[in-house]
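One letter stands for each residue in the lines below.
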Amino acid sequence: MNRYRIAVHITPRRGILDPQGKTVAEALHSLGFPAVRDVHVGRHIVVELDAGDPKAAEQSTREMCEKLLANPVTEDFEIASVEAS
């Protein structure tokens, strides 16, 4: 078994109301960044786990996201990286 660090990005699904993202976008406009069209505020989660290989570590993390870490009705998730630690 090897230890892996898996980074996961969880964001609101497109079309779902994101009041925090809207507030950030408006603040960026007021700070002089008119090119910003949309902002989505989500979560960044790092999971450390033991697995036989990177593919198994990613699959296990994907199952965690589907069962607990992300709400499948309102959020999408992306496995950003899998690194041996």
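See above for the structure.
What you see as residue numbers is a count from 1 along each chain, following the sequence as written. Whole-chain, interface and lining totals are the exception, using all residues; otherwise, since this is a predicted model, local features are given only for residues with pLDDT of at least 70 and side-chain atom pairs are given and counted only at 80 or more. Note that water and hydrogens are dropped before the side-chain values are worked out from all heavy atoms of the structure.

Q: Explanation requested: the environment of isoleucine 6 in the structure shown.
A: Where helices and strands are cited, they refer to DSSP runs of H or I of at least four residues and of E of at least two residues respectively, numbered from the N terminus. Structurally, the position occupied by isoleucine 6 is in strand β1 (residues 2–12). The class for isoleucine 6 is buried, based on a relative accessible area of 0%. Spatially, the C-alpha atom of isoleucine 6 lies 6.4 Å from that of glutamate 48, the residues being 42 residues apart in sequence. The contact criterion used throughout is that any non-hydrogen atoms of two residues lie within 4.5 Å. For isoleucine 6, the residues in contact, after removing those within four places along its chain, are Ile45, Val46, Val47, Leu49, Ala57, Thr61, Ile79, Ser81 and Val82. Each residue's exposure class comes from its accessible area (1.4 Å probe, protein chains only) as a fraction of the maximum for that residue type: buried when under 20%, exposed when over 50%, partly exposed otherwise.

Q: Help me understand the sheet that holds strand β3 (residues 75–84), please; the structure alone is not making it clear to me.
A: Consider a sheet: its strands pair through backbone hydrogen bonds, and that pairing is either parallel or antiparallel. Spatially, the three strands line up as an open sheet ordered β2-β1-β3, and their pairing is antiparallel. Where the open sheet ends on each side, the last strands, each with one partner, are β2 (43–51) and β3. Neighbouring strand axes in the sheet, compared pairwise and without regard to direction, differ in orientation by 25° on average. Paired strands are those between which DSSP finds at least two bridges. Bridge count for β1 against β2 is nine bridges, and the pairing is antiparallel. Note on β2: the bridge partner recorded for arginine 5 is glutamate 48. The axes used here are C-alpha line fits, helices contributing only the stretch in contact, and every angle between their N-to-C directions lies in the interval 0 to 180 degrees.

Keep in mind these values describe shape, not function.
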